[in-house]
Amino acid sequence: MPDLPAATQRSRVRVPLRFGDGYRVDAELVTFHGLADGQEHLAVVLGDPAPGTAPLVRLHSECLTGDVFGSARCDCGPQLREAVERIAERGGVLLYLRQEGRGIGLYNKLDAYALQDQGLDTYAANTALGLPEDARDYTAAAQMLQALGISELDLLSNNPDKAGQLRDLGIDVRDRIPTGVFTTAHNVRYLRAKVLQTQHTLPLAELTELGVG
């Protein structure tokens, strides 16, 4: 296993979560000392895995526009809502990572949106701004998992890069489980770009049928 700098748990607090559709669940929120990137990432511990089973884990990158304001330009809000329920049912952790806009920040993400309105896809827009297509590094996520005593897991994600980075960082990702597909009239082009550019596990044929050929 790579020699990661050790992070430690800073605090744990019980918080009842309430979603706009009425779903409710109690969670334990965990903060950390010593994360490699110095960000205030958060672990949301949900449910209890059955004995002998690996926890279900999602690495969810913060998306103010989708998670908070319900933006239809991405699928982040619905993915967050789905992940909380699925993890609570099985037992595991959602890591809420402060990586707005695939790591480029909120203002840059909105600048990229403006370029997307001119015809660029989500990755080309980042490149046009002189920014990485995806700037996310999951070292802190691996540190958080180690601090929680998690060395093997099933990953709830459509993104093969998340699983690859965690494995490179010494985490045993046994299986990668796709999330649901949450399409709107405003995000189909975005979702299709994720399939074509970064091999996300999404139904390309279905997205093409929705008018993005």
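These figures come from a predicted structure and were not determined experimentally.

Criteria and thresholds
- Residue positions are counted from 1 within each chain, in the order its sequence is given.
- Only residues with pLDDT of at least 70 get local features here, since the model is predicted, and only at 80 or more are side-chain atom pairs given and counted; chain-wide, interface and lining totals rely on the full set of residues.
- The side-chain numbers reported here are obtained from all heavy atoms of the structure, hydrogens and water having been left aside.
- Where helices and strands are cited, they refer to DSSP runs of H or I of at least four residues and of E of at least two residues respectively, numbered from the N terminus.
- The cut-offs for exposure are 20% and 50% of the maximum accessible area for each residue type, with area from a 1.4 Å probe on protein chains only; residues under the lower value are buried, those over the upper are exposed, and the others partly exposed.
- Contact definition: two residues touch when any of their heavy atoms are within 4.5 Å.
- Any pair of nitrogen or oxygen atoms within 3.5 Å is treated as a polar contact; in protein, a donor-acceptor pairing is required on top of that, and neighbouring residues in sequence qualify only through side-chain atoms on both sides.
- Salt-bridge detection follows one rule: a side-chain nitrogen of Lys or Arg within 4 Å of a carboxyl oxygen of Asp or Glu.
- Strands pair, by our definition, only if DSSP identifies at least two bridges between them.
- Only C-alpha atoms enter the line fits that serve as axes; for helices the fit covers just the stretch in contact. Angles between N-to-C directions range over 0 to 180 degrees.
- Among buried residues, those of type Ala, Val, Leu, Ile, Met, Phe, Trp, Tyr and Cys that are joined through side-chain atoms within 4.5 Å constitute a nonpolar core.
- Stacked, tilted and edge-to-face are the three classes assigned to paired rings of Phe, Tyr and Trp, where Trp is represented by its six-membered ring and a pair needs centres within 6.5 Å; plane angles under 30 degrees give stacked, over 60 edge-to-face, the rest tilted.

Draft legend 1. Spatial organisation of the overall build of the protein chain. Across its full length, the protein chain carries nine helices and seven strands. Scored against the burial criterion, the 213 residues of the protein chain give a buried share of 48%. Taking all contacts inside the protein chain whose residues are at least 6 apart in sequence as the whole, residues at least 24 apart take part in 61%.

Draft legend 2. Geometry of the side chain of Gln79. Topologically, Gln79 is positioned in helix H2 (residues 76-90). According to the relative accessible area criterion, Gln79 is buried, its value standing at 5%. Polar side-chain contacts of Gln79 include one of 2.9 Å to the side chain of Arg58.

Draft legend 3. Expanded view of the pattern of salt bridges. In total, this model carries 10 salt bridges according to the counting rule given. Residues Glu82 and Arg86 are paired through a salt bridge, measuring 3.1 Å at the closest nitrogen-oxygen approach. Residue Glu82 and its partner Arg86 are both found in helix H2; the two are separated by four residues, about one turn of the helix. What makes Glu82 buried here is its relative accessible area of 15%. We classify Arg86 as partly exposed; its relative accessible area is 28%. Of the charged contacts, one joins Asp154 and Arg174 as a salt bridge, the two residues approaching to 3.2 Å between their closest N and O atoms.

Draft legend 4. Structural detail: the sheet that holds strand E4 (residues 56-61). Reading across from one edge, E1-E2-E3-E5-E4-E6-E7 is the order of the seven strands in this open sheet, with mixed pairing throughout. Each edge of the open sheet is held by one strand with a lone partner, namely strand E1 (8-18) and strand E7 (172-177). Neighbouring strand axes in the sheet, compared pairwise and without regard to direction, differ in orientation by 30° on average. Strand direction decides the pairing type here: strand E3 (residues 42-46) and strand E5 (residues 92-97), joined by five bridges, are antiparallel. Bridge pairing in E5 links Ala43 to Leu95. Strands E1, strand E2 (24-33), E3, E4, E5, strand E6 (152-156) and E7 of the sheet are contacted by H2, whose axis makes an angle of about 160° with E4. Contacts from helix H7 (residues 160-168) reach E4, E6 and E7, with the element oriented near 170° to E7.

Draft legend 5. Up close: the nonpolar core. Of all hydrophobic cores here, the largest spans 27 residues; its most connected members are Ala43, Leu59, Val93, Leu95, Leu145, Leu153 and Leu166. Mapped onto this core, the elements with two or more residues apiece are E2, E3, E4, E5, helix H6 (139-147), E6 and H7. A total of five residues in this core trace back to one element, the largest contributor, which is H6. Setting aside chain neighbours within four positions, we find Leu145 in contact with Val57, Leu95, Ile150, Leu153, Leu166 and Ile171. One finds Leu17, Leu29, Leu156 and Ile177 within the second-largest nonpolar core, a separate group that totals 17 residues.

Draft legend 6. Inspection of unusual backbone geometry at higher detail. Of note, the phi angle at Arg102 is positive, near 55°, even though the residue is not glycine. Take Arg102: it is sitting in helix H3 (residues 100-103). Residue Arg102 is classed as buried on the basis of its relative accessible area of 12%.

Draft legend 7. Just H6, in detail. Of all nine residues making up H6, seven are buried, and the element is well covered by its neighbours. Burial in H6 covers these residues: Thr139, Ala140, Ala141, Ala142, Gln143, Met144 and Leu145. Phi for Gly149, located one or two positions after H6, is positive at around 80°.

Draft legend 8. The packing of aromatic side chains, seen in detail. Summed over the entire model, instances satisfying the criterion amount to one aromatic pair. Considering the side-chain rings of Phe19 and Tyr23, the 6.1 Å spacing of their centres and the 40° angle between planes classify their relative orientation as tilted. You can call Tyr23 buried: its relative accessible area is 17%.

Remember, this is a structural readout, not a statement about activity or role.
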